[in-house]
Structures are given as structure tokens and as C-alpha cells.
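Observations on the three-dimensional arrangement
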Amino acid sequence: MKNAEIIFVPAPGRGHLIYMVELAKLFIQRNESVSVTIFIIKFPFDTGVSSYMKSLSNHPMPRFTILEIPPSYSELYKSHNFHTLFSAFIEGHVTNVRDQVMAMRQPDYPTRVAGLVVDIFCVSMIDVAKELSVPTYVYSASGAGFLSIVLHLQAMTDFQEEDISEYENSDAQLSVPYFRNQVPAKVLPAICLDKAGSQLMLLCARKFRETKGLIINTFAELETYAVESLMTDNKIPPVYAVGPNLDISAGDEDCDEVADILKWLDEKPLSSVVFLCFGSFGSFPQDQLKEIALALEHSGHPFLWSLRPVSTESHLKKYTDLDEILPPGFLERTSGTGKIIGWAPQVAVLSHPAVGGFVSHCGWNSILESVWFGVPMATWPLYAEQQLNAFEMVNELGMAVDICIDYEHHVFYKGEVKIIDSKIVESKIREVMEDGSDIRKKVTEIKGKSRNAMAENGSSCINLGRLIEDIIAS
Ligand SMILES: *[C@@H]1O[C@H](CO)[C@@H](O)[C@H](O)[C@H]1NC(C)=O
Ligand SMILES: *[C@@H]1O[C@H](CO)[C@@H](O)[C@H](O)[C@H]1NC(C)=O
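To start, this report covers the structure provided alongside it.

Thresholds applied
Residues numbered from 1 in each chain as written. Chains lettered and ligands numbered in written order. Predicted model: local features only at pLDDT ≥ 70, side-chain atom pairs only at ≥ 80, totals over all residues. Heavy atoms only, no water. Pairing = 2+ DSSP bridges. Helix = DSSP H or I, 4+ residues; strand = E, 2+ residues; numbered from the N terminus. Axes fitted to C-alpha atoms, helices over the stretch in contact; angles between N-to-C directions. Contact = heavy atoms within 4.5 Å. Near = heavy atom within 4 Å. Polar contact = N/O pair within 3.5 Å; in protein donor to acceptor, adjacent residues only side chain to side chain. Areas by Shrake-Rupley, 256 points an atom, 1.4 Å probe, with all protein chains shown as cover. Nonpolar A, V, L, I, M, F, W, Y, C, P; charged D, E, K, R; others polar. Buried < 20%, exposed > 50% of the residue type's maximum accessible area, 1.4 Å probe, protein only. Phe/Tyr/Trp six-rings, centres within 6.5 Å; stacked < 30°, edge-to-face > 60°. Core = buried A, V, L, I, M, F, W, Y, C linked by side-chain atoms within 4.5 Å. Domains from an automatic or database assignment.

The next thing to look at is the sheet that holds strand E4 (residues 111-119). Spatially, E3-E2-E1-E4-E5-E8-E9 is the arrangement adopted by the 7 strands of the open sheet, whose pairing is parallel. A single partner strand is all that each edge strand has here, and the edge strands are strand E3 (64-68) and strand E9 (239-241). On average, adjacent strands in this sheet sit at an angle of 25° to one another, irrespective of strand direction. Bridge count for strand E2 (residues 34-40) against E3 is 5 bridges, and the pairing is parallel. Across the sheet, residue Val-36 finds its bridge partner in E3, namely Phe-64. The strands touched by helix H5 (residues 124-131) within the sheet are strand E1 (3-9), E4 and strand E5 (136-140), with E4 carrying the most contacts at an inclination of about 155°.

As a further point, take the sheet that holds strand E15 (residues 400-402). Strand pairing in a sheet is mediated by backbone hydrogen bonds. Such pairs are either parallel or antiparallel. Taken in spatial order, the 6 strands make up an open sheet running E12-E11-E10-E13-E14-E15, and their pairing is parallel. What marks the edges here is a single partner per strand, and that holds for strand E12 (338-341) and E15. Taken pair by pair, the neighbouring strands of this sheet meet at an average axis angle of 20°, ignoring direction. Inspection of the sheet shows strand E13 (residues 355-360) paired to strand E14 (residues 377-379) by 3 bridges, in the parallel sense. Residue pairing in the sheet places Phe-358 in a bridge with Met-377 of E14. Along the sheet, helix H16 (residues 386-396) contacts E14 and E15; its crossing angle with E15, the most-contacted strand, is approximately 110°.

What follows deals with the site of ligand 1. Taken together, Ala-4, Asn-31, Ser-33, Val-34 and Ile-472 form the complete shell of residues around ligand 1. One of the backbone N or O atoms of Ala-4 is found 3.3 Å from an oxygen atom in ligand 1. Protein burial of ligand 1: of its 360 Å² of free accessible surface, 49% is covered by the chains. Taken together, the residues of the shell around ligand 1 break down into 3 nonpolar, 2 polar and no charged.

Before going further, it helps to spend a moment on the environment of Met-20. By secondary structure assignment, the location of Met-20 is in helix H1 (residues 14-30). Under the relative-accessibility criterion, Met-20 is labelled buried at 1%. Here the alpha-carbon distance between Met-20 and Ala-295, two residues 275 residues apart in the chain, equals 37 Å. When neighbours within four sequence positions are excluded, Met-20 is seen to be in contact with Phe-8, Val-9, Pro-10, Val-117, Val-118, Asp-119 and Tyr-139.

This structure, assessed with the given rule, holds 13 aromatic pairs. Geometrically, the ring pair formed by Phe-284 and Trp-380 is edge-to-face, given 4.9 Å between the ring centres and 65° between the ring planes. Of this pair, Phe-284 sits in the loop between strand E10 (273-277) and helix H11 (286-299) while Trp-380 sits in the loop between E14 and H16; the two residues are 96 residues apart in sequence, bridging distant segments of the chain. Trp-380 gets classed as buried once you look at its relative accessible area, which sits at 1%.

Quick look at the nonpolar core now. By size, the foremost hydrophobic cluster in this structure holds 163 residues, and its most contacted members are Phe-8, Phe-27, Met-125, Phe-208, Trp-305 and Trp-380. With 9 residues, the top contributor of residues to this core is H1. Looking at which domains feed residues into this core, each of domain 1 (3-248 + 455-473) and domain 2 (256-449) gives three or more. Apart from the residues within four sequence positions on either side, Phe-27 is in contact with Ile-6, Phe-8, Val-34, Val-36, Leu-464, Leu-467, Ile-468 and Ile-471.

So far we have only geometry, and geometry alone does not tell us how the molecule works.
Structure (C-alpha cells):
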């Protein structure tokens, strides 16, 4: 009998891609007669995918194929807003994905297509799989909390006939069955409340319910309540918590810059440095940058600050005029204690013993990385589902200091951006850096649990085995 082939369809963008590739690697390690093919959908601008693909092909793995899927049309998606543009872009790849899957199902193809694992943002591929009778699984690179919210908002809309757009800008608190605490409407992902965006999210959630399983990049010991509630909900497909799926190998790009940062860290005392990093698209208005700068200066802690301009494009873009955007004399006064960088090698920094705290935008991957390395976080969400992640970390799990949980800022944001005062930021930085705090103890404990989950007989390891068996059998 032919070996089983499992096709992965990650969402475009480096962030989405690497976590799915890490999961795919586990599949081939687990069973020698399983092969994987990753379909790569690339944005028309650089998000670091090409360099990542190159590093993958520099280290070839058996039974592991990457295949770039070109779009079949590329007209400008005029009728779309920020939230729906993304799915329209994915839609443009449906024809070529269908053709590729069909080619892989020809009798002379060496493997048997056993299933499709698609990112939650690539749900149009669920229809392709259905049309071809290939079992589909959905993979969420974000946490169980986010998936829960999307499923719950859809249940409210479809089963309780509520209009969820009424929660936009509302002070309401929602009872969500997968959360221990009430969830403030203010932390719901903007896409869920935007008129067009919510239609898209609802459509996604309805499609999730049609799949064979929901795979989540989390582990039962982290989001215990959410994972257990999802696993025991018989109105949704089986849930598999298989994380953390992280790429913790040293990347082979920007070597001089990375070496320079690590050398700087090497000279700092144990757990003394506060690290500030806000993801690929994280940026702040200039007034806010000044407040952050003052907070860092007054806190007295050494700092490593990844400071980036507003940009929709290159993940390598940086400021060229730091003196103009920061308070007068700041760079000079902090030259002994602080270092400002553009793009940050986040894994290398978080794994460094000198780093004692992490001010983060709360992207899910950043949360998993900070947990994996046991670095306490202070939350400063900016966009996507980061506000919800921050709420989870602070309120549900008691594992982070809250600088804020409902801040919003990104390239497309049209609302008023509030400015958080330097005094508040300073006190929160002191809090996250505090020695022996409850949060630090908790993060240290969960660090051990994250590693156990992935080890032999750990919870995620067992779930992964179950998942592979289920895919092969279906
Ligand atoms: C490995 O995969 C093959 C299908 O390719 C399947 O027949 C076999 O049972 C799997 N082995 C384990 C240990 O799951
Ligand atoms: C995992 O479980 C199996 C079966 O119970 C046992 O034989 C094995 O020693 C365990 N491995 C570890 C590392 O605990």
C-alpha cells in the first residue's frame, strides 16, 4: 500500500508558515510511512517567506516537500476592506490548489493523499477538499481562546440569533462557555465585530464545524479550561492540542546583527534586561514612543528595544532618524544601559539568560515562546486577536502583567489611539522585572510543563499520535 501523504496549507506570511512547518516536521518524525507536502501561498511583498523557504531547502528532510502555489488571478481586490482582503487573496489560489491536489491523486503518484491540514484563514480550501472527498483538518496557529471566541460568536449568531456587531465599542461582558471569566467585548478581535470582517469569521466558524478536526497550537496545561471545554463539546469536531509548535532553531539570517545583539546581552547580568518587541507589524505613534522611552530610562533596567516604523511591507524596515523621534538626549543618556534594534531575533533573545522580562504585543507565537523560555510578559496588544490573548494571559491565566489589554494600533487603524503615560509603563516594567513575583513563579512552572507536553508521553505528544492515526484512518 502507498504511504500516506498529508498536505498542509498554511496562511501566507512567515509567522503563519513556520508554526505549521514545525507541526509537519513532527508528522514525519512520528511515522516513517507518512509524507508531507506544504503548499506555500506567498504575499506579493516580502514577509521573510523566501528566506525561510531557502533555509528549509538548505536542510532537506526525507518525505518533506515544499511547493509554491502561484495565484491564478491577481487583480486588485477592489471591493474588499482590511479584513476581507486576506480571504480574497487566498481565494485567488483555490484553482491551483485544486489542480495540484488532483495531480497528486493520479494513480501513478507515489503516495496516497490522506488529508488536508489548512490554516484557519484558508477555509476556502475546505471546499476544495470536500469537492475532492479529502478529509480536512483546521489548524489554528493561535490559541484555544481565540478559536473558542470565533466558535462562540458564530453560535450566538446562528443558534441564538444575536447581532454580534452590537458589541463593537461596547462595555458589555460576554459569558463564553470556554472561558472561566466573563470576556469584555473590548478585547474581542476587531475582525469579529467589523461588519464585513464578521461575515468572514462566521463563515470560517461554520466551515470549521464541517471538518474532521480542529488542531490547535497550544497545550492542555496552559489553556486548561479552554482546551477541556472544547474537547468535551460534542457540537464541534474533535480537538487536538498539539503545541507548542515552535521554531527554536537558530535562523541563519542577519548573522552579524544577531551576533552583535547576543554579545551585548552576554555582558548583562542574569535576568536583568527588559526586552520590548511588538511583532512583524508592530509600531506606535511618535507620542507613545516618547512615553516608552521615558519609562525605560526611569525604570533603570537595561533594555533591548525592537523599534520599528509603521509599515505594511518589509519586515526588515527600520527607523533611520532615531534622534528625531525619541526624547532629546535619550540615546546618549541610555547608551550604557539600552540598545535599540530594528528586527529582533526573538527566539535567540528570549532564550538568553540575561533577559528577565518581555514587553510584548501578545501575538500567540510570542506568548508560546516566552512561556517556553520562562520569561514573564507585560502585555501591550496592537491588532488581530492580541487583545484577547492579553486578556487570557492576564485574567484567565494570571501569567502576565497588564500594561493594557484593549490598546489598538496598526497601519489600517482609523480610531483614536490612546497614549499610555510613561509613569504607568515604568511601573509595569518594574513589576514584570520583579524578582520572585507570583507571575515569575507561575511562568517558571509552566515553562517546565510546556516542555513536558511535547516530550514522550506528554499531553501534546499523545494528542499528536491520536491525530496522525485519525488522519490515516479517515
Ligand atoms: C504509519 O502510517 C501508515 C500509513 O502510511 C499506517 O499504515 C501505520 O499504521 C502508521 N503507523 C503508526 C505506528 O501509526
Ligand atoms: C511512555 O509510556 C510507555 C508506555 O506506558 C512506557 O513504556 C515508556 O517508558 C514511557 N516513556 C517515558 C519517557 O516515560
